[in-house]
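One-letter residues, chain by chain:
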Amino acid sequence: MRELETRELRYYLAVAEELHFGRAAERLGIAQPPLSRAIRQLERRLGVRLFDRNRRGVALTEPGEVLRREAAAALDAVTAAARRTRRAGDSRRPLVLATKAGASHELLRALLDAHADAAGTASVQVLLCEVGEQARLLRTGDADVALMHRPFDDLAGFDTEDLLTEGQVAILPAAHPLASHDQLTRAEVENVPDLPIARWPRLDGTYPDGPGPEVRTQSQLAQLVALGRTLLVIPASSRAWQWPEHVAVPVADAPPVTTVLASAPGNRTRDVAALVRTAAGLGVTDRGATAAP
């Protein structure tokens, strides 16, 4: 069977995401008939039906859903390969390190300081992002490395170096009765009627069910906590963005969280390898610690 082409994958993804041949053709800047022919040819070559078509519209079949995921990953890999190749040819370029804004602040500062002190290392550009964005930035080649958190972030397929293992804290409105406690349990923070836990979008953009407010950015979340509308549970060292209206209370039985330095497999350029060595030299700390050195 002839190998899949990137053009075919782009065509397929447009239809899979729009679930409408007309809108997909407009998005691609082509006429609808050649797009429909290309999808039919793809189905014949693969020997499966990718879409259910009826008068009500278009829906993905089970094989179609598989190809949607695989095609997105394949196109990201092609894009990342081009970006990394161009960057590798520029000796003046900095390393790009992605991290959630406000997360692991002391650890990040220790890593950057230690790397800057090492002779002959590349400069590091810090790319601040929102929750869950680091994996996409690594896969598309927009970032060389990223600070991520196990078990919360998507680490599938990445090389990782463990840096810091720590406990978690609940960030509460300062005026709330729970804010005066020395510590809390998961049951206590998960069952506060007037402070439902905020909901983050899944990878597909949808939100889990629940009474908590839907949030997309940490600034939204910080203000909602200050207004007494929600709470959150985060790694202890991620509270650098804590407002004066917030209080952090340890959650005694919350699972430990490990901060890792992640990179795409096969992307161990000399500069990336040097940063990973620096990270390894910081060592992993015990649960409850808030800094790596």
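You'll find the structure just up there.
This text gives an overview of the structure that appears in the document.

What counts as what
- Residues numbered from 1 in each chain as written.
- Predicted model: local features only at pLDDT ≥ 70, side-chain atom pairs only at ≥ 80, totals over all residues.
- Heavy atoms only, no water.
- Salt bridge = Lys/Arg side-chain N within 4 Å of Asp/Glu carboxyl O.
- Helix = DSSP H or I, 4+ residues; strand = E, 2+ residues; numbered from the N terminus.
- Buried < 20%, exposed > 50% of the residue type's maximum accessible area, 1.4 Å probe, protein only.
- Pairing = 2+ DSSP bridges.
- Axes fitted to C-alpha atoms, helices over the stretch in contact; angles between N-to-C directions.
- Contact = heavy atoms within 4.5 Å.
- Polar contact = N/O pair within 3.5 Å; in protein donor to acceptor, adjacent residues only side chain to side chain.

1. Quick look at the pattern of salt bridges
Step number 1: The final tally for this structure, using the stated rule, is 16 salt bridges.
Step number 2: As a salt-bridge pair, arginine 49 and aspartate 52 come within 1.8 Å of each other at their nearest N and O atoms.
Step number 3: The residue lysine 100 makes a salt bridge to aspartate 153 at a minimum N-O spacing of 3.1 Å. A residue pair is termed long-range when its members are at least 10 positions apart, and lysine 100 in strand S3 (residues 95-100) and aspartate 153 in the loop between strand S5 (145-150) and strand S6 (159-166) qualify at 53 residues.
Step number 4: Judged by relative accessible area, which is 11%, lysine 100 ranks as buried.
Step number 5: Here aspartate 153 falls in the buried class, since its relative accessible area comes to 12%.

2. Quick look at the sheet that holds strand S4 (residues 124-129)
Step number 1: Taken together, five strands build an open sheet; the order of strands is S4-S3-S5-S10-S6 and the sheet is mixed. Each end of this open sheet is capped by a strand with a single partner; those strands are S4 and S6. Strand-to-strand twist of the sheet, defined as the mean angle between neighbouring strand axes without regard to direction, takes the value 25°.
Step number 2: Against the sheet, helix H5 (residues 105-117) touches S3, S4, S5, S6 and strand S10 (257-263), its axis set at about 165° to S4.

3. Focus: the side chain of arginine 93
Step number 1: Among the structural elements, arginine 93 can be located in the loop between helix H4 (62-88) and S3.
Step number 2: Looking at arginine 93, its side chain comes within polar contact range of the side chain of aspartate 144, at 3.3 Å.

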